[in-house]
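Read off the chains here:
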Amino acid sequence: MSKLSYKKLFKMLIDIDMKNTELMEKARISKSTFYKMKNGENITTDVLLRICDVLKCDVSQIVECVEVNERQEHKHD
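Residues numbered from 1 in each chain as written. Predicted model: local features only at pLDDT ≥ 70, side-chain atom pairs only at ≥ 80, totals over all residues. Heavy atoms only, no water.

## Some words on the environment of Ile-43
- Inspection of the secondary structure assignment puts Ile-43 in the loop between α3 (31–38) and α4 (45–55).
- The exposure class assigned to Ile-43 is buried, which follows from its relative accessible area of 14%.
- With 39 residues separating them in the primary sequence, Ile-43 and Leu-4 have C-alpha atoms 9.5 Å apart. (Helix = DSSP H or I, 4+ residues; strand = E, 2+ residues; numbered from the N terminus. Buried < 20%, exposed > 50% of the residue type's maximum accessible area, 1.4 Å probe, protein only.)

## Digging into the side chain of Arg-50
- Of note, Arg-50 is situated in helix α4.
- Classification of Arg-50 as buried rests on a relative accessible area of 16%.
- Of note is the side chain of Arg-50, whose polar atom sits 2.5 Å from the side chain of Asp-46.
- The contacts of Arg-50, once residues within four sequence positions are left out, are Ala-27, Arg-28 and Ile-29. (Polar contact = N/O pair within 3.5 Å; in protein donor to acceptor, adjacent residues only side chain to side chain. Contact = heavy atoms within 4.5 Å.)

## A look at the nonpolar core
- Judged by nonpolar contacts, the single largest core of 21 residues is most densely connected at Leu-9, Leu-23, Ile-29, Ile-51, Leu-55 and Ile-62.
- Those elements giving two or more residues to this core turn out to be α1 (7–15), α2 (20–26), α3 and α4.
- If you tally residues by element for this core, the top one is α4, at five residues.
- Ignoring sequence-local partners within four residues, the contact set of Leu-9 consists of Leu-23, Met-37, Ile-51, Leu-55 and Ile-62. (Core = buried A, V, L, I, M, F, W, Y, C linked by side-chain atoms within 4.5 Å.)

Structure (structure tokens):
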């Protein structure tokens, strides 16, 4: 099974020295949406596009599709 990973986004924020709160303000992201990203949950494409606009990047630079096996998936339940 595949799921989205936002690790690229969080690495980019470190690389450009941008705080999470700064991204949340500039891209108008709510705390609940931000925590969804932190937990690898799905968010809307609208949010992804706003992040891309703020960071002046392509969606492929902040999100990637990763394989998750069933055992890993059920650890979080």
